[in-house]
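# Analysis of the macromolecular model
Residues per chain, in single letters:
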Amino acid sequence: AVVSTQSTGNTSCKFDMYFALPIYLSLLDRLDDTPEQSYIYTVLRDNLTVSHQLFNKMHKYQKAKIMENQRKAGRGTAHSVTQFTQFLLYSESLQKHGKRTSLDMCYNQLADAVAESIEIFANEQSKAPAEVVIVENFHFIYNFLFRNKIDSLDKFRKRCHKKYEEHLELYVKAYLGIPLDKVTLFFEGVQLKLNSGVPTKR
């Protein structure tokens, strides 16, 4: 059975590296529901070891693809960002109630890779300031993680929000010549005047 899993897995992964993910997660779920003293448990455990090796290959492949893909995916969003979020959606759709240790570790390593890729992508753009590209891409990930709650990526979500705010501040200060908080105060003051009944034209 182990040889069969290894052979099938290796063959399938040659055509689709993501094939390792459903195999690994499915075996994790089955193992959790199987008595440890049973023969089936031993078979599943041995096959899980093999599938975990395939999972690690897939993880390395995904990380390499993220770092390679610096081209645009539309409206300034880096291809690595859309690839990362699509992978998360696919993984979460497969994850049931099994242990998440390896998957969460994979997520966080890919998160670090995508953060690095955004910086590279932004510095290679000629049509838009680097700060704008960084703001757009980190805000994209932040919104995605805000909508799709993934506990292991909560720190990364906050990191994305911080990056977004920092580079927005840099952009505003560089192009308007004043700090973002003063711009915000100005518009809040205008809004207060409008709310108090001051006419828009004086």
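Residues numbered from 1 in each chain as written. Predicted model: local features only at pLDDT ≥ 70, side-chain atom pairs only at ≥ 80, totals over all residues. Heavy atoms only, no water.

### Thoughts on the packing of helix α2 (residues 20-32) against helix α3 (residues 39-68)
To be explicit about the condition: For helices, the axis comes from a line fit to the C-alpha atoms of the stretch in contact; other axes are also lines fit to C-alpha atoms, and the angle between any two N-to-C directions lies between 0 and 180 degrees. Helix and strand definitions here come from DSSP, where helices need a minimum of 4 consecutive H or I residues and strands a minimum of 2 consecutive E residues; each element is numbered from the N-terminal end. Angular relationships are summarised with four words: roughly parallel below 35 degrees, roughly antiparallel beyond 145, roughly perpendicular across 65 to 115, and oblique for the angles in between. For any helix crossing, the convention is left-handed if the near helix is rotated counterclockwise from the far helix by under a right angle, and right-handed if that rotation is clockwise. Note on definitions: a residue-residue contact is assigned when non-hydrogen atoms from the two residues lie within 4.5 Å.
Running from N to C, α2 and α3 point in directions that differ by 150°, and their axes come no closer than 8 Å. One finds that α2 runs roughly antiparallel with respect to α3. Between α2 and α3 lies a crossing whose hand is left-handed. Of α3, the residues touching α2 (which contributes A20, L21, I23, Y24, L27, L28, R30 and L31) are Y41, L44, R45, N47, L48, S51, H52, L54, F55 and M58.

### Describing the pattern of salt bridges
Spelled out, the test is: Criterion for a salt bridge: a side-chain nitrogen of Lys or Arg within 4 Å of a carboxyl oxygen of Asp or Glu. The buried label applies to any residue whose accessible area, calculated with a 1.4 Å probe on protein chains only, is under 20% of its type's maximum; exposed applies above 50%, and partly exposed to all values in between.
Under the defined criterion, the tally for this structure stands at seven salt bridges. Here D104 ties to R100 by a salt bridge, and the two come within 3.1 Å at their closest N and O atoms. Salt-bridge contacts for E119 lead to K163; the nearest nitrogen and oxygen are separated by 2.8 Å. Of the two residues, E119 is situated in helix α5 (residues 101-124) and K163 in helix α7 (residues 154-176); the sequence distance between them amounts to 44 residues. On the basis of relative accessibility, which here comes to 23%, the residue E119 falls in the partly exposed class. A cluster of three or more residues bridged by salt bridges with shared partners is formed by E92, R100 and D104.

### Looking at the nonpolar core
Applied cut-off: To define a nonpolar core, start from buried Ala, Val, Leu, Ile, Met, Phe, Trp, Tyr and Cys residues and group those joined through side-chain atoms within 4.5 Å.
Counting residues in each nonpolar core, the largest one holds 44 residues, and the members touching the most others are F84, L88, I141, L145, L153 and F156. Contributions of two or more residues to this core are made by α2, α3, α4 (79-94), α5, α6 (130-147) and α7. It is α5 that provides the largest number of residues to this core, a total of 11 residues. With residues near it in sequence (within four places) discarded, L153 still touches F84, L88, Y107, N108, A111 and L145.

### Comments concerning the side chain of S102
Keep this limit in mind: Polar contact is defined as a pair of N or O atoms within 3.5 Å, subject to the rule that within protein one atom must be able to donate a hydrogen and the other to accept it, and that residues adjacent in sequence are counted only when both atoms are side-chain atoms.
Among the secondary structure elements, S102 is positioned in helix α5. Reaching out from S102, the side chain makes a polar contact with the side chain of Y24 at a distance of 3.1 Å. Ignoring sequence-local partners within four residues, the contact set of S102 consists of Y24, H52 and F55.

### Concerning the side chain of H59
Tracing the backbone shows H59 in helix α3. The class for H59 is buried, based on a relative accessible area of 11%. Leaving out residues up to four positions away in the same chain, H59 has contacts with C106, Q109 and L110.

### Remarks on the confidence of the model for the chain
Basically, it comes down to this: Known as pLDDT, the predictor's per-residue confidence is scaled from 0 to 100.
Averaged over every residue, the pLDDT of the chain is 77; the share at 70 or more is 72%. Contacts for the low-pLDDT stretch residues 186-191, under 50 throughout, to residues beyond four places or in other chains number zero contacts. A low-confidence stretch, residues 198-202 (pLDDT under 50), is modelled with two contacts involving residues beyond four sequence positions or located in other chains.

### Concerning the environment of I40
Within the secondary structure layout, I40 lies in helix α3. Residues I40 and R30 lie 10 residues apart in sequence; the distance between their C-alpha atoms is 9.7 Å.

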